[in-house]
Amino acid sequence: AQSVAQPEDQVNVAEGNPLTVKCTYSVSGNPYLFWYVQYPNRGLQFLLKYITGDNLVKGSYGFEAEFNKSQTSFHLKKPSALVSDSALYFCAVRDGRSNYQLIWGAGTKLIIKP
Amino acid sequence: GAGVSQSPSNKVTEKGKDVELRCDPISGHTALYWYRQRLGQGLEFLIYFQGNSAPDKSGLPSDRFSAERTGESVSTLTIQRTQQEDSAVYLCASSHDTRNTGELFFGEGSRLTVL
């Protein structure tokens with residue numbers, strides 16, 4: 001079955017420390033993978049995507065993500081967290097059966113403490 | 001416009017009433033999606049429009065839900081005879097990427113509360 005899992009409902013990190021938000025997926029065909037961020041009372045904003053090529057993808061606000069085909073993972077990372085990174089993060093994968101539908105994870109709440 | 005615009009931002013209605021939610025996509029964006037986001041959950045696909053092609057309505061949860069889009073402009077999502085389980089944030093997104101490998105641009109959502 002096609003699916004996206006974000007195993008952590010919430011991640012707590014101290015400001016200045018590295019952060020990781022986990023995402024694993026199951027999809028037929030080659031995956032197109034995305035990360036979006038949702039700030040309180042705002043719509044979702046695109047962070048980064050993996051389509052093909054280099055497994056390490058760099059995106060907005062200093063975030064990056066690493067595509068790992070063998071582990072079917074696409075974890076979001078940042079070397080040094082900021083309090084302003086506190087938000088809800090969604091991982092999504094394009095459904096291999098469709099050329100436009102995305103399958104969304106349930107989201108991970110990231111809390112950065114000063 | 002500069003971004004995807006949705007209205008109303010908040011709607012409180014009584015059970016059994018009809019509601020209409022509006023989405024104004026970014027000019028020139030051919031693709032338009034409606035999603036439902038329940039509290040603490042991910043995005044649930046409702047419907048997809050691409051240009052003048054027939055929409056993909058496979059995500060609409062019941063026949064009380066319908067959506068229209070005229071060409072590549074405004075879309076409306078209508079919920080008839082609302083039920084309490086319809087309470088959620090309804091998100092609209094648009095994209096100019098016909099290959100659908102690019103980013104979606106989201107509106108801020110319409111929060112629907114059914115009493």
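Rules used throughout
- Residues numbered from 1 in each chain as written.
- Chains lettered and ligands numbered in written order.
- Predicted model: local features only at pLDDT ≥ 70, side-chain atom pairs only at ≥ 80, totals over all residues.
- Heavy atoms only, no water.
- Helix = DSSP H or I, 4+ residues; strand = E, 2+ residues; numbered from the N terminus.
- Rg over C-alpha atoms; globule rule 2.2 N^0.38 Å.
- Buried < 20%, exposed > 50% of the residue type's maximum accessible area, 1.4 Å probe, protein only.
- Contact = heavy atoms within 4.5 Å.
- Areas by Shrake-Rupley, 256 points an atom, 1.4 Å probe, with all protein chains shown as cover.
- Salt bridge = Lys/Arg side-chain N within 4 Å of Asp/Glu carboxyl O.
- Pairing = 2+ DSSP bridges.
- Axes fitted to C-alpha atoms, helices over the stretch in contact; angles between N-to-C directions.
- Polar contact = N/O pair within 3.5 Å; in protein donor to acceptor, adjacent residues only side chain to side chain.
- pLDDT = per-residue confidence, 0-100.
- Disulfide = S-S within 2.5 Å.
- Buried area = accessible area lost by both parts, 1.4 Å probe.

*Asks:* Would you mind going over the overall build of chain A in detail, with residue names and values included?
*Replies:* When helices and strands are tallied, chain A shows zero helices and 12 strands. Radius of gyration (C-alpha) of chain A: 13 Å, near the 13 Å computed for a compact globule of 114 residues. Reported as C-alpha extents along the three principal axes, the dimensions of chain A are approximately 45 × 30 × 20 Å. Scored against the burial criterion, the 114 residues of chain A give a buried share of 49%. Put simply, 55% of the contacts in chain A that link residues at least 6 apart link residues at least 24 apart. Surface accessibility of chain A: about 5,500 Å² in total, with carbon and sulfur atoms responsible for 48%.

*Asks:* An account of the pattern of salt bridges is requested, with residue identities and associated values reported.
*Replies:* Inspection of every chain in the model, using the stated rule, returns six salt bridges over all chains. Among the salt bridges present, the one from Glu 64 of chain A reaches Lys 58 of chain A, with a minimum N-O distance of 2.8 Å. The residue Asp 85 of chain A makes a salt bridge to Lys 78 of chain A at a minimum N-O spacing of 2.9 Å. Taken together, the shared-partner salt bridges in this structure form one network comprising Arg 36, Arg 38 and Glu 44 of chain B.

*Asks:* Can you tell me about the sheet that holds strand β6 (residues 65–69) of chain B, naming the residues and giving the values?
*Replies:* Residues and elements named next belong to chain B. Spatial ordering of the open sheet is given by β1-β3-β7-β6, a layout of four strands whose pairing is antiparallel. On the outer flanks of this sheet lie β1 (5–7) and β6, each paired with one strand and no other. Each neighbouring strand pair of the sheet contributes to a mean axis angle of 15°, computed without reference to strand direction.

*Asks:* Give a detailed account of the environment of Tyr 89 of chain A, specifying residues and quantitative values.
*Replies:* Residues and elements named next belong to chain A. As for its placement among the helices and strands, Tyr 89 is situated in strand β10 (residues 87–94). The buried category is assigned to Tyr 89, whose relative accessible area is 0%. As for Tyr 89 and Val 57, which are separated by 32 residues in sequence, their C-alpha atoms are 16 Å apart. With near-sequence residues (within four places) excluded, Tyr 89 lies in contact with Gln 6, Trp 35, Tyr 36, Val 37, Leu 47, Phe 63, Leu 76, Gly 107, Thr 108 and Leu 110. Engagement of the side chain of Tyr 89 in a polar contact is seen with the backbone oxygen of Asp 85, the distance being 2.6 Å.

*Asks:* Tell me about the confidence of the model for chain B, and name the residues and values.
*Replies:* Looking at chain B as a whole, the pLDDT averages 92, with 94% of positions reaching at least 70. By mean pLDDT, strand β5 (residues 43–50) of chain B is the weakest element of chain B at 93, and strand β7 (residues 75–79) of chain B is the strongest at 98.

*Asks:* So what's going on with the state of the cysteines? Which residues, and what values?
*Replies:* Residues and elements named next belong to chain A. The tally for this structure, following the rule as stated, stands at two disulfides over all chains. Between Cys 23 and Cys 91 runs a disulfide, and the two sulfur atoms are separated by 2.0 Å. Between Cys 23 and Cys 91 the disulfide shows an S-S torsion of about -65°. By sign, it is left-handed. You can see Cys 23 sitting in the loop between β3 (19–21) and β4 (24–26) and its partner Cys 91 sitting in strand β10, a full 68 residues away along the chain. Across this residue pair, the class does not change: Cys 23 and Cys 91 are buried.

*Asks:* Tell me what's going on with the interface of chain B and chain A, and back it up with residues and numbers.
*Replies:* At the interface, 22 residues of chain B touch 21 residues of chain A. Across the chain B/chain A interface, buried area totals approximately 1,600 Å², and carbon plus sulfur atoms make up 53% of it. Along the contact surface separating chain B from chain A lie one salt bridge. A salt bridge links Arg 42 of chain A to Glu 108 of chain B; the shortest N-O distance between them is 3.3 Å. Along the contact surface separating chain B from chain A lie seven residue pairs in polar contact (both at pLDDT 80 or more). At the level of elements, β4 (31–37) and β5 of chain B are the ones that each hand at least two residues to the side of chain B that touches chain A.

*Asks:* Quick rundown of the environment of Phe 63 of chain A? Include the residues and the values.
*Replies:* Residue and element names in this part refer to chain A. Position of Phe 63 relative to the elements: it lies in the loop between β7 (56–58) and β8 (64–68). For Phe 63, a relative accessible area of 2% corresponds to the buried category. A sequence separation of 15 residues divides Phe 63 from Lys 78, and the C-alpha atoms of the two residues are 4.9 Å apart.

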